[in-house]
Amino acid sequence: MDDNDHEQKPLDTPSEGVDLNEQDISEEVIVKTISSEHLAEVVRSKNKAELDRIFSEVADIDIAEAADELDVKDLIVLFRDINSQQTAPLFDDLSQEKKEELVRALTDKDLVKLINEQAADDLADTVGDMPANLAIKVLHAADKDMRADINQILKYKPDTAGAIMTTEYLEFKESQTVGATIDAVRTIGREAETVYTIFVRNDKRKFVGTVDLDDLIFAKQDQKLSDIMNKDAPSVHAQTDREEVANIIRRYDLNAVAVLNDDECLTGIVTVDDAVDVITAEANEDIEKMSAVTPMEDTYLETHPWQMAKKCLPWIVVLLFLDTFSTMVVDKLQYQFRPYSILIAFIPVLMDTGGNAGGQTIAIVIRGLAMKEFEPKECWKVLRREAVSALIIATGVAAAGFIWFTLEQYLGIVTNPDLTDLVVNDIAPSVWNGRCWNTEFFYAAMTVSLVVSLALFVAVFLSKIVAVLLPMGAAAIKKDPAIVSQPLLTTIVDVSSLLVYFLVAYLLILQFHM
């Protein structure tokens with residue numbers, strides 16, 4: 001049967017497009033996708049015309065998500081029947097597990113064709129996560145230049161610019177004319193990672209600047225690159241931390257940044273798409289660390305439950321042991337406050353509110369440090385600002401708390417077992433039985449609300465101050481603020497909140513007989 005005899009099925013599209021905000025978007029947006037079932041059907045029917053249509057109309061990432069559900073036999077057919085230039089980006093978007101299955105199943109001949117169409121930096125990431133036998137197979141399939149590029153990238157530490165750079169870029173001498181450069185870009189530009197930024201070197205191969213594509217197009221043909229290049233273009237070294245590289249690209253709105261070796265010669269570039277990946281990965285890592293979870297290497301659905309437990313269990317156990325300090329405080333002071341047992345009921349509110357207040361501040365400070373909005377040496381400046389904010393917030397929380405704690409007692413949500421004279425048939429006084437409208441109940445309710453509110457004020461203020469000092473201190477000693485701060489914040493806030501609570505209660509109730 002001829003390929004054209006197969007019925008062409010329409011690609012999957014949302015029936016009403018995507019969710020739109022009519023105030024912001026006036027035209028409907030249609031996103032073409034494909035299901036794994038449809039892709040499998042087309043592959044098994046060997047309808048090459050339909051496959052070509054899918055690759056021309058559907059984004060690679062959407063095809064890759066559908067291909068991840070295919071059997072390896074169907075995946076092999078897909079990669080054999082489609083032009084390697086089309087399947088090259090598809091391979092990069094597959095999950096690591098599917099890539100390994102494909103490499104294991106493909107013949108050496110098919111693998112050579114696939115591998116040498118890949119970008120060296122993307123392939124280096126894939127090879128670095130593969131078992132040794134598959135990594136060797138991939139490197140054997142790569143040609144000499146590709147293998148050299150991969151090995152060059154793999155020699156750098158994972159969190160450095162060298163590990164995320166690409167070696168496919170456009171570089172020309174500063175003495176070259178604009179006309180000659182444009183001709184060269186037309187000839188070899190398709191092999192480069194980007195043509196929007198051109199890198200310039202001098203006769204000693206030292207990096208001296210960049211030329212943006214628009215400046216190149218509008219320049220005169222006989223001008224030299226040295227006349228139009230950006231001489232103050234930022235650059236990084238191969239050992240520079242990848243997060244710092246991403247922040248440089250973000251700060252200066254760059255399409256790509258030069259990566260230099262120790263001799264100040266260009267050895268690669270990091271593009272904006274790599275910077276976005278880094279920022280996303282670092283943000284996810286910080287969120288996991290702040291939630292007391294060891295960062296995960298795979299996505300949630302790709303992580304085995306046993307691996308998930310291994311990531312979470314250690315921190316839970318550590319926090320369990322750290323909570324011993326809170327237990328010790330309660331244990332030492334519980335007997336002194338036995339006549340005022342109602343205060344025990346408010347301990348969870350006090351600890352949780354202090355923890356929530358500190359958690360807000362610590363997230364803001366860690367984000368500020370990550371985005372280079374301030375440095376550890378500016379700690380005093382940040383602390384002053386946060387102290388003012390903490391006073392306002394603590395006052396508001398304490399005032400709201402005083403009103404709510406009083407209502408809780410009058411509504412019977414929290415009962416005071418110490419008011420034995422007002423208890424009838426084991427039912428505490430409240431608005432529902434009318435036994436709360438007297439001086440004894442009012443005095444007791446006001447005392448409890450005042451004690452808890454004052455303790456809440458101090459706890460919120462203190463937790464916000466601690467939430468500034470912890471990440472700033474961690475950053476100052478070159479430690480990750482996210483992983484150091486959260487466990488310590490929880491323990492310090494809990495213990496200090498309890499100590500403040502009992503101190504306020506001791507002063508107002510036991511000492512001044514309120």
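Owing to the predicted nature of the structure, the values given are computational and were not obtained by experimental measurement.

Calculation notes
- Residues numbered from 1 in each chain as written.
- Predicted model: local features only at pLDDT ≥ 70, side-chain atom pairs only at ≥ 80, totals over all residues.
- Heavy atoms only, no water.
- Helix = DSSP H or I, 4+ residues; strand = E, 2+ residues; numbered from the N terminus.
- Buried < 20%, exposed > 50% of the residue type's maximum accessible area, 1.4 Å probe, protein only.
- Contact = heavy atoms within 4.5 Å.
- 1 Å grid on protein atoms, 1.4 Å probe; cavity = no way out; pocket = protein on both sides within 12 Å on 5 of 7 lines; lining within 4 Å.
- Points joined across faces, edges and corners; volume = space filled by probe spheres on them.
- Nonpolar A, V, L, I, M, F, W, Y, C, P; charged D, E, K, R; others polar.
- Pairing = 2+ DSSP bridges.
- Axes fitted to C-alpha atoms, helices over the stretch in contact; angles between N-to-C directions.
- Right-handed = clockwise from strand over helix to strand, strands pointing away.
- pLDDT = per-residue confidence, 0-100.
- Core = buried A, V, L, I, M, F, W, Y, C linked by side-chain atoms within 4.5 Å.
- Patch = residues over 30% accessible without salt bridge, like charges linked within 9 Å, V, L, I, M, F, W, Y side chains within 5 Å.
- Areas by Shrake-Rupley, 256 points an atom, 1.4 Å probe, with all protein chains shown as cover.
- Salt bridge = Lys/Arg side-chain N within 4 Å of Asp/Glu carboxyl O.
- Polar contact = N/O pair within 3.5 Å; in protein donor to acceptor, adjacent residues only side chain to side chain.
- Left-handed = near helix turned anticlockwise from the far one by under 90°.
- Arc of directions from axis to C-beta.

1. Thoughts on the overall build of the protein
1) Next: Helix and strand counts for the protein stand at 22 helices and 6 strands.
2) Next: By the burial criterion, 43% of the 514 residues in the protein qualify as buried.
3) Next: Counting only contacts in the protein whose residues sit at least 6 apart along the sequence, the fraction spanning at least 24 positions is 67%.

2. Brief notes about the layout of surface pockets
1) Next: Roughly 880 Å³ of volume is contained in the second largest pocket.
2) Next: Residue lining of the second largest pocket: 22 residues in total, with Glu117, Gln118, Ala119, Glu168 and Arg190 positioned closest to the centre.
3) Next: Mapped by element, the contributors of at least two residues to the lining of the second largest pocket are helix H5 (84–93), helix H10 (144–154) and helix H16 (272–290).
4) Next: The dominant element in the lining of the second largest pocket, judged by the number of residues it contributes, is H5, at 5 residues.
5) Next: Split into classes, the residues belonging to the lining of the second largest pocket amount to 5 nonpolar, 3 polar and 14 charged.

3. Remarks on the sheet that holds strand S3 (residues 207–212)
1) Next: On the basis of which strands lie adjacent, the open sheet formed by 3 strands has the order S1-S2-S3 and mixed pairing. The open sheet is flanked by strand S1 (171–173) and S3, the only strands paired with a single partner. When the angles between neighbouring strand axes are averaged without regard to direction, this sheet yields 35 degrees.
2) Next: Two strands pair when backbone bridges link them, and S1 and strand S2 (residues 197–201) are joined in this way by 3 bridges, in the parallel orientation. Considered in S2, the bridge of Glu171 is made with Phe199.
3) Next: Sitting on the sheet, helix H12 (residues 178–188) touches S1 and S2, and the angle it makes with S1 is about 155 degrees.

4. Remarks on the pairing of strand S5 (residues 256–260)
Consecutive side chains along a regular strand alternate between the two faces of the sheet.
1) Next: Burial within S5 is extensive, with 5 of its 5 residues counted as buried.
2) Next: Along S5, one buried face is formed by Ala256, Ala258 and Leu260 and the opposite face, lined by Val257 and Val259, is buried too.
3) Next: Examined bridge by bridge, strand S4 (residues 235–237) and S5 share 3 bridges and lie parallel to one another. When the bridges of S5 are listed, Val236 appears paired with Val259.
4) Next: Following the backbone out of S4, through helix H15 (residues 242–251) and into the adjacent parallel S5, one traces a crossover that is right-handed.
5) Next: Judged from the 5 bridges that link them, S5 and strand S6 (residues 266–271) form a sheet pairing that is antiparallel. By the bridge assignment for S6, Val257 is matched with Val270.
6) Next: The antiparallel hairpin formed by S5 and S6 contains 5 residues in its connecting segment, where Glu264 sits at a positive phi of about 65 degrees.

5. Quick notes on unusual backbone geometry
1) Next: The backbone of Arg205 shows a phi angle near 70 degrees, a positive value even though the residue is not glycine.
2) Next: Topologically, Arg205 is positioned in the loop between S2 and S3.
3) Next: A positive phi angle is found at Glu264, which is not glycine, with a value near 65 degrees.
4) Next: Its place among the elements puts Glu264 in the loop between S5 and S6.

6. Notes on the confidence of the model for the protein
1) Next: Scored by pLDDT, the protein has a mean of 83; 85% of the residues are at 70 or more.
2) Next: Scored below 50 in pLDDT, residues 13–29 makes 14 contacts in the model with residues more than four places away or belonging to other chains.

7. A few points about the nonpolar core
1) Next: Leu39, Leu78 and Leu102 are the most contacted members of the largest nonpolar core, which has 41 residues in total.
2) Next: Apart from the residues within four sequence positions on either side, Leu78 is in contact with Val43, Leu51, Phe55, Ala67, Leu70, Thr87 and Leu90.

8. Some remarks on the sheet that holds S6
1) Next: If you trace the 3 strands from one edge of the open sheet to the other, you get S4-S5-S6, paired in mixed fashion. On the outer flanks of this sheet lie S4 and S6, each paired with one strand and no other. Between one strand axis and the next, the sheet turns by 35 degrees as a mean value, whatever way the strands run.
2) Next: In the packing of H15 onto the sheet, the strands contacted are S4, S5 and S6, and the crossing angle to S6 comes to about 65 degrees.

9. Some words on a nonpolar patch on the surface
1) Next: On the surface, Ile403, Trp404, Leu407, Leu411, Ile413 and Trp432 cluster together to form a nonpolar patch covering roughly 660 Å² of accessible area.
2) Next: Note on placement: Ile413 falls in the loop between helix H20 (379–411) and helix H21 (439–476).

10. Focus on the side chain of Thr406
1) Next: Tracing the chain through its elements places Thr406 in helix H20.
2) Next: Its relative accessible area of 11% is what places Thr406 among the buried residues.
3) Next: A polar side-chain atom of Thr406 sits 2.8 Å from the main-chain carbonyl oxygen of Phe402.
4) Next: Sequence-distant contacts of Thr406, that is, excluding residues within four places in its chain, are made with Met446 and Ser449.

11. Overview of the packing of helix H1 (residues 36–45) against helix H2 (residues 48–57)
1) Next: Packing of H1 against H2 leaves a shortest axis separation of 8 Å and a crossing angle of 140 degrees. Both H1 and H2 take part in a crossing whose hand is left-handed. Two secondary-structure elements touch here, H1 through His38, Leu39, Val42 and Val43 and H2 through Glu50, Leu51 and Ile54.
2) Next: Considered class by class, the residues forming the contact of H1 with H2 number 5 nonpolar, 1 polar and 1 charged.

12. Points about H10
1) Next: Taken together, the buried positions of H10 are occupied by Met146, Ile150, Gln152 and Ile153. Across the axial projection of H10, the buried residues extend over an arc of 160 degrees, all falling on one side.
2) Next: Packing partners of the buried residues in H10 comprise helix H7 (108–115), helix H8 (120–128), helix H9 (132–141), helix H11 (161–164) and S6.

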